[in-house]
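One-letter residues, chain by chain:
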Amino acid sequence: MKKGKLIVVSGPSGVGKDTVVSEYLKLHPEDVLSISMTSRPKRDYEVDGVHYYFRTKEGFEEEVAQGNLLEYALYNGNYYGTPKSEVIKRLEDGINVILVIEVQGARNIKNMLGKDALLIFVLPPSIEALKERLLNRGTDSMEVINERLEIAEREIRENTFYDYKIINDNLDSAVKSLENIIKNEINK
Ligand code: ADP
Ligand code: 5GP
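Residues numbered from 1 in each chain as written. Chains lettered and ligands numbered in written order. Predicted model: local features only at pLDDT ≥ 70, side-chain atom pairs only at ≥ 80, totals over all residues. Heavy atoms only, no water.

1. A look at the site of ligand 1
Lining the immediate surroundings of ligand 1 are 13 residues, of which G14, K17, T19, R137 and N168 lie closest. One of the backbone nitrogen or oxygen atoms of D169 is found 2.9 Å away from a nitrogen atom of ligand 1. Within the complex, the protein chains bury 74% of what would otherwise be the 570 Å² of accessible surface of ligand 1. Listing elements by their share of the shell around ligand 1, those giving two or more residues are helix 1 (17–27) and helix 5 (127–137). Per element, the largest residue contribution to the shell around ligand 1 is three residues, and it comes from helix 1. Here the shell around ligand 1 is built from residues that sort into three nonpolar, five polar and five charged. (Near = heavy atom within 4 Å. Polar contact = N/O pair within 3.5 Å; in protein donor to acceptor, adjacent residues only side chain to side chain. Areas by Shrake-Rupley, 256 points an atom, 1.4 Å probe, with all protein chains shown as cover. Helix = DSSP H or I, 4+ residues; strand = E, 2+ residues; numbered from the N terminus. Nonpolar A, V, L, I, M, F, W, Y, C, P; charged D, E, K, R; others polar.)

Below is the structure:
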C-alpha cells in the first residue's frame, strides 16, 4: 500500500497556520492533523487531548526520555513535540498527516525524512499584519506577543529549507494554495 505523506506546516505565530490547516481539513477530512504535546500553559479555550496534550515540564521530559516523541523543540521557554503515536501508524496505513510545528522541529523532520516529508512555510502579508492578527486573536499578553514577533523575524530568515511558501493574505487563496501543493505532491 502507498504510504501517507508527512506534511509540515510552519510559519510565525499568528500568521494563520491553524486557521488555514483547519479550513483545508474541512475540505479533506481524509487527511489528519497530528496533536502535539506541550509544556506551555493551557489557554482558556483549549482542551487537553484536542488542541494539545498538556504536560508539566517534568512530564514532557519523561516522555522524551521514554522515546515517545518524533521531534521536539523549545519555543519561547516551553517544550513542544510530536508524539510518534500521532504519526507513524497513520503513515503506514496510507493516511496523510499534517504537523503544524515551528522551524527547529521542521528542520529535524527534514533531516530525518528528506524527500518523504513535504515542508510548507506560511508567510504574513507584512509584519504589521502579523502583529495585528496576534492582537486580534487576544490569546497572548503584550509581552508574549512581542516575544513571538521577535521569534517571527528569525523564523522568516531561517525558512530557506522549506519546499514551498504560501502568503496568507486572503484566507481562501491560502487554503487553495495549500490544497494545490498537497495534491500535486501526492500525485507525483
Ligand atoms: P497561528 O496558528 O499561525 O498562530 P491562527 O490560525 O491562530 O495563527 O490565526 C491568528 C489570527 O489571525 C486568528 O485570529 C485568525 O482568525 C486570524 N487570521 C487567520 N488567517 C487570516 C487572514 N487570511 N486574514 C486575516 N486574519 C486571519
Ligand atoms: P502556540 O503556543 O502558539 O500553540 O505554538 C507555538 C509554536 O509551537 C508554533 O509555531 C507551533 O507551530 C509550534 N508547535 C506546536 N506543536 C509543535 C510540535 O509538536 N513541535 C514543534 N517543534 N513545534 C510545535
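Text resumes after the structure shown.
2. Here's the deal with the packing of aromatic side chains
Inspection of every chain in the model, using the stated rule, returns eight aromatic pairs. Plain terms: the ring middles of Y72 and Y79 are 6.1 Å apart, the flat faces sit at 65° to each other, and that makes the pair edge-to-face. On the accessibility criterion, Y72 (38% relative accessible area) is partly exposed. According to the relative accessible area criterion, Y79 is buried, its value standing at 14%. Measuring from ring centre to ring centre gives 5.1 Å for F121 and Y162, while their planes differ by 70°; the resulting arrangement is edge-to-face. Residue F121 is found in strand 8 (residues 117–123), and its partner Y162 is found in the loop between helix 6 (142–157) and strand 9 (164–167); the two are separated by 41 residues along the sequence. Taken together, the ring pairs in this structure connect Y52, F54, Y75 and Y80 into an aromatic cluster. (Phe/Tyr/Trp six-rings, centres within 6.5 Å; stacked < 30°, edge-to-face > 60°. Buried < 20%, exposed > 50% of the residue type's maximum accessible area, 1.4 Å probe, protein only.)

3. Details of the pattern of salt bridges
For the coordinates displayed, the defined rule picks out 11 salt bridges. Here R43 makes a salt bridge to E46, at a shortest N to O gap of 3.9 Å. Take R43 and E46: they sit in the same class, and that class is buried. Of the charged contacts, one joins K89 and D93 as a salt bridge, the two residues approaching to 2.7 Å between their closest N and O atoms. D93 sits in the partly exposed class, given a relative accessible area of 36%. Taken together, the shared-partner salt bridges in this structure form one network comprising R40, R43, E46, R137 and D140. (Salt bridge = Lys/Arg side-chain N within 4 Å of Asp/Glu carboxyl O.)

4. Some thoughts on the side chain of T38
Relative to the assigned elements, T38 resides in strand 3 (residues 37–38). For T38, the side chain forms a polar contact with the main-chain nitrogen of R40, separated by 3.0 Å. Among the polar contacts made by the side chain of T38, one reaches the main-chain carbonyl oxygen of Y79 at a distance of 2.8 Å. Here T38 is in contact with Y52, Y53, F54, R55, F60, Y79 and Y80, once residues within four sequence places are set aside. (Contact = heavy atoms within 4.5 Å.)

5. What to know about the sheet that holds strand 6 (residues 78–83)
On the basis of which strands lie adjacent, the open sheet formed by four strands has the order 4-3-6-5 and mixed pairing. Strands with a single pairing partner mark the edges of an open sheet, and in this sheet they are strand 4 (53–54) and strand 5 (69–75). Two strands pair when backbone bridges link them, and strand 3 and strand 4 are joined in this way by two bridges, in the parallel orientation. Each residue of the ladder has a partner; that of T38, found in strand 4, is F54. (Pairing = 2+ DSSP bridges.)

6. Topic: the nonpolar core
I7, V21, Y24, I98, I120 and L178 are the most contacted members of the largest nonpolar core, which totals 23 residues. Of all elements in the fold, only strand 1 (6–10), helix 1, strand 7 (97–100), strand 8, helix 5, helix 6 and helix 7 (171–186) reach the threshold of two or more residues within this core. Considering every element that reaches this core, the biggest residue donor is helix 7, with five residues. Discounting chain neighbours no more than four positions away, the residues touching L178 are V20, V21, Y24, I120 and I166. Core analysis: the next-biggest nonpolar cluster, separate from the first, contains 17 residues, V87, V97, V103 and F161 among them. (Core = buried A, V, L, I, M, F, W, Y, C linked by side-chain atoms within 4.5 Å.)

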